[in-house]
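# Chain and residue survey
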There are 2 protein chains.
Amino acid sequence: MRTRPRVIVIGGGFGGLSAVRTLHSAAVDVLLIDRGNHHTFQPLLYQVATAGLAAPSIAAPLRHILRGQRNVTVLLGEARGIDLEGRTVDVDGVAHRYDFLIVATGNTHAYFGHDEWARYAPGLKTLDDALRIRARILTAFERAEAADDPAQQMGWLTFLIVGAGPTGVELAGTLAEIARHTLKREFRHIDPATARVLLVEAGPRVLPAFPPSLSAKAQRQLERLGVIVRTGRPVTRLDERGVCIDEERITARTVLWAAGVAASPLGAALGVPVDRAGRVLVTAQLTVPEHPDVFVVGDLTAVPDATGPVPAIAPAAKQMGRYAAAAILAKLSGRVIGPFRYRHFGSLATIGRMAAVADFGRLRVSGILAWWIWLTAHVYFLIGFRNRLVVLIDWAEAYWSYRRGARIIFSVGESVKR
Amino acid sequence: MRTRPRVIVIGGGFGGLSAVRTLHSAAVDVLLIDRGNHHTFQPLLYQVATAGLAAPSIAAPLRHILRGQRNVTVLLGEARGIDLEGRTVDVDGVAHRYDFLIVATGNTHAYFGHDEWARYAPGLKTLDDALRIRARILTAFERAEAADDPAQQMGWLTFLIVGAGPTGVELAGTLAEIARHTLKREFRHIDPATARVLLVEAGPRVLPAFPPSLSAKAQRQLERLGVIVRTGRPVTRLDERGVCIDEERITARTVLWAAGVAASPLGAALGVPVDRAGRVLVTAQLTVPEHPDVFVVGDLTAVPDATGPVPAIAPAAKQMGRYAAAAILAKLSGRVIGPFRYRHFGSLATIGRMAAVADFGRLRVSGILAWWIWLTAHVYFLIGFRNRLVVLIDWAEAYWSYRRGARIIFSVGESVKR
């Protein structure tokens, strides 16, 4: 018997996972490769980082999600290289042959040529990042409590977020709430409410991807929550003790990075043209030029302007994943498929309790209504009944009591790589 | 005005925390020192280690628990030494003066002079331990799936637990359930149900602290769950690839340590007589000889035989903590207090779904009834409404679907110490 076509999908994020699922009943063998054992619901990562949710509440094991799809094999490992000519993927030194390849490794943080900033200002892309940031935030208040001079205390009580995209805005709004409400009455030498939360954006306004009117509303909502917003000036220096914005020095012992993103290095490893951010310049079919069987989907993809601009958000990644899978199915059955068309349903960004903005083109909402839309959408799209229920409980409790259910500092020193 | 007496409590476990709470309305200043920011519900640690519960579900921030008790200051730090003459505790280099001291730092794992075994066979005492063990267990199945020869696979699919006390029994029973049920249909190259779970005990029977009849019942329940029980022979060798039991070599890539415990080093640091396990030999008032203002409570304590034997379990630690606090209150009001009397309510050990043993002296229960008693007691004593509810949901789901809500592998490489 002839073997079935082999589809390799690299990355179990929104793009890769929806590609795999679209191949559900196809007569192909799918190999899904991921460095982690779980799919992460990235839109809620900031909740784990700010101790609102436990990590398992926003993640599900890839094997478990796909256990019923018999044509899929899940492999825990790192794709280190791709041989387009030989049609193989190198996973930790072992070559895996493919007939079709879907690369969906997403993006990571970029420090604009200042990679040394990474250790002082962690970014938020994975659950490990989130737990690290959570530990930093909680430990900062502890250090402030233990510090003896006011200057030191203020340094530990100053939190600075670089970048006012959705993640930066979410982090800033939540941090302000933690300082003002969650930790109330828990310290004896400091008043957490005196903590300063700064949101620094080099561009002219917060949430640059949104219409100016909503950016303005978002900034007002942030300021109402107690966030100090600084726009229009870039961070020029960054070290263990704080940052410089232009010439101004700000002492902040906790700096979080929500500014730049760069495509995953695997894009460049393909050896094909990429844009400035390292995203792969694909065809209108989301394939690599000259390699019609190799697709790139999700945040790693630079979609041609004719189609784009396609934002780096989960719905876009899902659409690309589904498209790539559909294109493979079409090829196998000799059909032709039109170019990828991105359908934009709207943009959502949450700011804090009852504060959010939503942009549905003609319809623009902010405040409590946008917040409800955001909450509903995010719980709805969360994978797994248990997660939904537990997240709702945690949020309900957080809402009424300002408590945050996951205020635990870990220090899992030993890496689990084996 | 004269300053109020200063009570320092080292350790926010069951002993230390109940001491602090007993001093609720006392005219003293309490300083609670702990290395972590949270109280851990240790009886359920094995659930976190086996991916049944998220870590935050069995922990609560000490500050949050005690936020309402205005005479308490919580300090995140490590007590590195105690000066009994100078009446000070050294916390990370800073000396803190005390009028009364309660040492409640508990115990840690002991490898019987084979400290090099620690890296191959982690023990389970903290949430960090639990997350490390969880990662090892889950990764072992991944390695088996990726391995190409059967011998390698079997090595990764063999789990060996050293020590058949309550923790060892809980781990073994749960591991057997994970292999047989939780992971069913999730792998393509291995059948997790072929995994071997060995429980190795040097002593003559499992659960040595229980009556022989219940030990026998526990062993039968373990074997029904698929656990291979080996008693009466000690582990003589232990390395990355497995163990030796007497002369017999067993290849097991995942070995967990549930055998010996040793008192926290702080006990020895007191420079007073300790027993073989390093536990402090206290007076009938739980004080250090010649130092009537220094109490030692919980697992760190070797209670005089007249009172004892006192098991190293949460209820005993709580009773000692409350006693020490009461003794301090008595001294302050010039009253005299009798010696510590331990009141034993019973012993519980769970083995797996609907499998447990309970020993209430005359009344001895096993099987489903004991399991219900265990479940009720543990959920009841869990701190925090949110935790109880979330734990119940996770358990209900795990019971009906065999799913485990926390099957996430972390690798938070960077320590959070700052």
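Numbering of residues starts from 1 in every chain and runs along the sequence as written. Here every chain gets a letter starting at A, and every ligand a number starting at 1, in the order they are written. Local features in this predicted model are restricted to residues whose pLDDT is 70 or higher, and side-chain atom pairs enter the listing and the counts only when it is 80 or higher, whereas totals over whole chains, interfaces and linings include all residues. Heavy atoms throughout the structure, all of them, feed into the side-chain values; hydrogens and water do not.

## Quick word on the confidence of the model for chain A
Residue and element names in this part refer to chain A. Chain-level statistics for chain A give a pLDDT mean of 90 and a share of 96% at 70 or above. Counting contacts from residues 413-418, a segment whose pLDDT is below 50, to residues more than four positions away or on other chains yields 19 contacts. Overall fold confidence (pTM) sits at 0.91, and the ipTM for the predicted complex is 0.88. Summary of the metric used: pLDDT quantifies the predictor's per-residue confidence within the range 0 to 100. It only takes one pair of heavy atoms within 4.5 Å for two residues to be counted as in contact.

## Side note on helix 4 (residues 127-146) of chain B
Along an α-helix, residues three or four positions apart point the same way, because every turn accommodates 3.6 residues. With 20 residues, helix 4 of chain B should cover 28 Å at 1.5 Å per step; its first-to-last C-alpha distance of 28 Å lies within 8% of that length. A 1.4 Å probe rolled over the protein chains alone gives each residue an accessible area, and that area as a share of the maximum for its type sets the label: buried under 20%, exposed over 50%, partly exposed in between. Note on conventions: DSSP H or I runs of at least 4 residues are helices, E runs of at least 2 residues are strands, and numbering of each starts at the N terminus. With respect to burial, helix 4 of chain B is a largely interior element, 18 of its 20 residues being buried. Every helix has an expected span of 1.5 Å times one less than the residues it contains.

## Focus: the packing of helix 1 (residues 14-22) of chain A against helix 9 (residues 314-332) of chain A
A pair of packed helices is captured by two measures, namely the crossing angle of their axes and the spacing between those axes. All names here are of chain A. Interaxial angle, 0 to 180 degrees, is taken between N-to-C directions of lines fitted to C-alpha atoms, where a helix line uses only the stretch in contact. Packing of helix 1 against helix 9 leaves a shortest axis separation of 7 Å and a crossing angle of 35°. For the pair helix 1 and helix 9, the sense of crossing is right-handed. Contacts between helix 1 and helix 9 involve Phe 14, Gly 15, Ser 18, Ala 19 and Thr 22 on the former and, on the latter, Ala 314, Ala 317, Lys 318, Gly 321, Arg 322, Ala 325, Ala 326 and Leu 329. Throughout, the ten residues Ala, Val, Leu, Ile, Met, Phe, Trp, Tyr, Cys and Pro are labelled nonpolar, Asp, Glu, Lys and Arg are labelled charged, and all others, Gly among them, are labelled polar. Of the residues that constitute the contact of helix 1 with helix 9, the class distribution is 7 nonpolar, 4 polar and 2 charged. Left-handed describes a crossing whose near helix is turned anticlockwise from the far helix by less than a right angle; the clockwise case is right-handed.

## Notes on the sheet that holds strand 17 (residues 254-257) of chain B
Residues and elements named next belong to chain B. Strand order in the open sheet formed by 4 strands is 13-12-11-17, and the pairing between neighbours is parallel. Because the sheet does not close on itself, it has two edges, and the strands there are strand 13 (227-231) and strand 17. Direction aside, the axes of adjacent strands within the sheet are offset by 20° on average. In this structure, strand 11 (residues 158-162) lies alongside strand 12 (residues 196-201), joined through 5 bridges in parallel fashion. Looking at the pairing, Leu 160 lines up with Leu 198 of strand 12. Taken strand by strand, helix 6 (residues 166-182) contacts strand 11, strand 12, strand 13 and strand 17, and its axis lies near 170° from that of strand 12. DSSP calls a pair of strands paired once it identifies at least 2 bridges connecting them.

## Thoughts on the sheet that holds strand 25 (residues 363-366) of chain A
Residue and element names in this part refer to chain A. Taking strand neighbours across the sheet as the criterion, the 3 strands line up as 23-24-25 in an open arrangement whose pairing is antiparallel. Single-partner strands in this sheet number two, and they are strand 23 (347-352) and strand 25. Across the sheet, the axes of successive neighbouring strands diverge by a mean angle of 5°, strand direction being ignored. Looking at chain direction, strand 23 and strand 24 (residues 355-360) are connected through 5 bridges and run antiparallel. Bridge pairing in strand 24 links Ala 349 to Val 357.

## A short note on the side chain of Asn 37 of chain A
Considering the arrangement of structural elements, one finds Asn 37 of chain A in the loop between strand 2 (29-34) and strand 3 (38-40). Side-chain polar atoms of Asn 37 of chain A contact the side chain of His 38 of chain A, separated by 2.7 Å. Counted as a polar contact is a pair of N or O atoms within 3.5 Å, where, for protein atoms, one must be capable of donating a hydrogen and the other of accepting one, and residues adjacent in sequence contribute only when both atoms are in side chains. Of note is the side chain of Asn 37 of chain A, whose polar atom sits 2.9 Å from the backbone oxygen of Arg 407 of chain B. Once you skip the residues sitting within four places of it in the chain, Asn 37 of chain A turns out to touch Ala 60, Pro 61, Leu 62 and Leu 76 of chain A together with Leu 138, Arg 407, Ile 408 and Ile 409 of chain B.

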